[in-house]
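Structural overview
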Amino acid sequence: MEEKRARTQSVEELEASAAQGHMDAKRELARRLMEGDGVDKDEAKAMLLLEDCVANGDADAILMLAKWCALGHGMKRDAERAEALLSDAAKKGNKEAHSL
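One structure accompanies this document, and this report is about it. Because the structure is predicted, anything quoted here is derived from the model rather than measured. (Residues numbered from 1 in each chain as written. Predicted model: local features only at pLDDT ≥ 70, side-chain atom pairs only at ≥ 80, totals over all residues. Heavy atoms only, no water.)

Side note on the overall build of the protein
Worth spelling out the cut-off: Elements are defined by DSSP. Helices are runs of H or I of four residues or more, strands are runs of E of two residues or more, and each kind is numbered from the N terminus. We call a residue buried when its accessible area falls under 20% of the maximum for its residue type, exposed when it is over 50%, and partly exposed in between, using a 1.4 Å probe and counting protein chains only. Note on contacts: a residue pair is in contact if any heavy atoms of the two residues lie within 4.5 Å. Note on areas: Shrake-Rupley with a 1.4 Å probe; residue coverage comes only from the protein chains shown. Asp and Glu count as negative and Lys and Arg as positive, but His and the ends of the chain are not part of the count. Taken as the charge location is NZ of Lys, CZ of Arg, CG of Asp or CD of Glu.
Tallying secondary structure elements over the protein gives 7 helices and 0 strands in all. Helices and strands in the protein line up, N terminus first, as α-α-α-α-α-α-α. On the principal axes, the C-alpha backbone points of the protein span a range of 35 × 25 × 20 Å. Put simply, the protein has 100 residues, and 39% of those count as buried. Taking contacts inside the protein between residues at least 6 apart in sequence as the whole, the part at least 24 apart equals 36%. With an accessible surface of roughly 5900 Å², the protein has 47% of that area assigned to carbon and sulfur atoms. Of the charged side chains in the protein, 16 are positive and 21 negative; the average position of the first set lies 3 Å away from that of the second.

Here it is in structure tokens:
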């Protein structure tokens, strides 16, 4: 699944795709849950989905988690972890992480 497509899917479609292990769907669903975008805000569920993507080496998820750590979304701010995650995402080829 492509990231662009995930952004246009309904929550139900995202949940079904996420249940099948699609990282783009898990990331997008995590973002929506964290922001309360079209769903009830659920930071704990968002973190679980995102941490699963990170555990599977998803560079885009690693970058997203780095940003959340830096801003304190769903957790206490942790600049040290954010920096380590940013470095990891850059090493995995994420261009935005590399430029940051």
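Re the nonpolar core
Note the threshold: Definition of nonpolar core: a set of buried residues of the types Ala, Val, Leu, Ile, Met, Phe, Trp, Tyr and Cys, connected through side-chain atoms within 4.5 Å.
Counting residues in each nonpolar core, the largest one holds 27 residues, and the members touching the most others are L29, L50, L65 and W68. Put simply, the parts of the chain that give this core at least two residues each are helix 2 (11-19), helix 3 (23-35), helix 4 (43-55), helix 5 (59-71) and helix 6 (79-91). The dominant element in this core, judged by the number of residues it contributes, is helix 5, at 8 residues.

Structural notes on the packing of helix 4 against helix 5
Applied cut-off: Note on geometry: axes are lines fitted to C-alpha atoms, helical ones only across the stretch in contact, with angles between N-to-C directions running from 0 to 180 degrees. Should an angle lie under 35 degrees it is considered roughly parallel, over 145 roughly antiparallel, and from 65 to 115 roughly perpendicular; all remaining angles are considered oblique. Each helix crossing is assigned a hand: it is left-handed if the near helix lies turned anticlockwise from the far helix by less than a right angle, otherwise right-handed if that turn is clockwise. Gly is put with the polar residues, along with every residue not named as nonpolar or charged; the nonpolar set is Ala, Val, Leu, Ile, Met, Phe, Trp, Tyr, Cys and Pro, and the charged set is Asp, Glu, Lys and Arg.
Interhelical geometry of helix 4 versus helix 5 gives an angle of 135 degrees and a closest axis separation of 8 Å. The angle between the axes of helix 4 and helix 5 places the two elements in the oblique class. Our pair here, helix 4 against helix 5, has a crossing hand that is left-handed. Of the residues in helix 5, those in contact with A46, M47, L50, E51, C53 and V54 of helix 4 are A61, I62, M64, L65 and W68. Split into classes, the residues belonging to the contact of helix 4 with helix 5 amount to 10 nonpolar, no polar and 1 charged.

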